[in-house]
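Observations on chain architecture
What follows is the residue order along each chain.
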Amino acid sequence: GNMVEWCLPQDIDLEGVEFKSMASGSHKIQSDFIYFRKGLCFGLACFANMPVESELERGARMKSVGILSPSYTLLYRYMHFLENQVRHQLEMPGHYSHLEAFYDDKKGVLPDSKGTSTSQQPVHWLPSIHRYMYPEMKITHPAGCMSQFIKFFGEQILVLWKFALLRKRILIFSPPPVGVVCYRVYCCCCLANVSLPGLGGTVPESKPFFYVNVADIEMLETEVSYVACTTEKIFEEKRDLYDVYVDNQNVKTHHEHLQPLLKINNADKEKYRRLNDQRQMLMYSQEVGEDCSSCEEDLFILFFMEQNNRIFQTLMEVSASQDKTLTADHARGMGLDPQGDRSFLMDLLEVYGIDVMLVIDNPCCT
């Protein structure tokens, strides 16, 4: 089995981290990276696999080198260091001087207590004017992460958007490598961003758990909302742990009342078309040869945030009105399909505790 061979500080509780930092099934691949959650901290580990002529090691030496932090904001910037170190550990096992120096250099940078000052850390891939708007989006990632996510899921992204907005437990399955799937977890959480003040203090936050395995089952049993990924197929059978299961591009749910949300309706198609149009316009407006990937990331994130803000702004206005009646016109104004999105709206009102009466039952009114 996996084991922790070295760590600093030595008194830290790392129980189970040896399985979080090396995804199940990794022995089949040469290298990978993996984001995970350990208690109140987030981790990033780089994995590598090297053939060796050793019977004791069964012909292969596999190691992961990782770091833990109270926030996942700055983890990506140390990816290159971790990749170099895991290669170094494979070739020269037991030489930890570079890791010791790294720890001594970085240990004072991050706050000790949970949450203190983490939201002030810069989010480098956003234009400075927008940084204050979504401090909760704390990841630094390679350019194109969000656009790859949308290309991968296509119109299905609108299905994931609804489940993310409803704070469902979303589990993404994929065989290794798992690094790119960890980015899908992050992107999925980004779909549900809302920047309106005072909305839903009782609503569970959308938590990126990144990679999970069977050792996390007990923890997942207590969660009411999360987005996570796994390489372990056995999770599919454990239906009480998730609401939505994503296998490659196939999004499914075993909850009957959520089944209508799997259907792509006309309003979804229109949103997807608008998103692609905006992307084409952005790319067209860039000068030839100029890198526009960061702008593209912003476009995706702001597209969904504005969509979410429009929905909640309308719902809050209707709930503050005298008759509290939400009509088909309201639904269309929010960019939703009065019939196709009816069950989505019903769930949304319930999850966010918004007091509104829905009167879009009659198909003749659409």
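Cut-off values and rules
- Residues numbered from 1 in each chain as written.
- Predicted model: local features only at pLDDT ≥ 70, side-chain atom pairs only at ≥ 80, totals over all residues.
- Heavy atoms only, no water.
- UniProt positions renumbered as here; feature names shortened; annotations may be inferred.
- Buried < 20%, exposed > 50% of the residue type's maximum accessible area, 1.4 Å probe, protein only.
- Helix = DSSP H or I, 4+ residues; strand = E, 2+ residues; numbered from the N terminus.
- Salt bridge = Lys/Arg side-chain N within 4 Å of Asp/Glu carboxyl O.
- Contact = heavy atoms within 4.5 Å.
- Phe/Tyr/Trp six-rings, centres within 6.5 Å; stacked < 30°, edge-to-face > 60°.

The name recorded for the protein in an unreviewed UniProt entry is DENN domain-containing protein 11, from Galbula dea. According to its UniProt record, the protein has this under Sequence similarities (unreviewed entry): "Belongs to the DENND11 family."

In this section: helix 5 (residues 145–153). Of all the residues in helix 5, the buried ones are Cys145, Met146, Ser147, Phe149, Ile150 and Phe153. One or two residues past the end of helix 5 sits Gly154, with phi positive at roughly 60 degrees.

As a further point, take the pattern of salt bridges. With the rule as written, the count across this model stands at 16 salt bridges. Of the charged contacts in the structure, one is a salt bridge between Asp105 and Lys106, with a shortest N-O distance of 3.3 Å. For Lys162, the salt bridge goes to Asp341, with nearest N and O atoms at 2.6 Å. Of the two residues, Lys162 is situated in helix 6 (residues 156–165) and Asp341 in the loop between helix 11 (328–333) and helix 12 (342–351); the sequence distance between them amounts to 179 residues. Of the residues examined, Asp341 reaches a relative accessible area of 0% and is grouped as buried. Each of Lys162, Asp268, Lys271 and Asp341 takes part in salt bridges that share partners, so that together they form one network.

What follows deals with the environment of Pro176. You can see Pro176 is positioned in the loop between strand 4 (169–173) and helix 7 (179–190). For the pair formed by Pro176 and Ser24, sequence separation is 152 residues and the distance between their alpha carbons is 7.8 Å. If sequence neighbours within four positions are ignored, Pro176 has contacts with Ser24, Gly25, Ser26, Ile29 and Thr231.

Moving on, we come to the packing of aromatic side chains. If you walk through the whole model with that rule in mind, you get 19 aromatic pairs. Between Phe33 and Tyr35, the aromatic rings sit 6.4 Å apart at their centres with planes inclined by 85 degrees, giving edge-to-face as the arrangement. Across the pair, exposure class does not vary: Phe33 and Tyr35 are buried alike. Aromatic pair Trp161 and Phe344: ring centres 5.7 Å apart, planes at 50 degrees, arrangement tilted.

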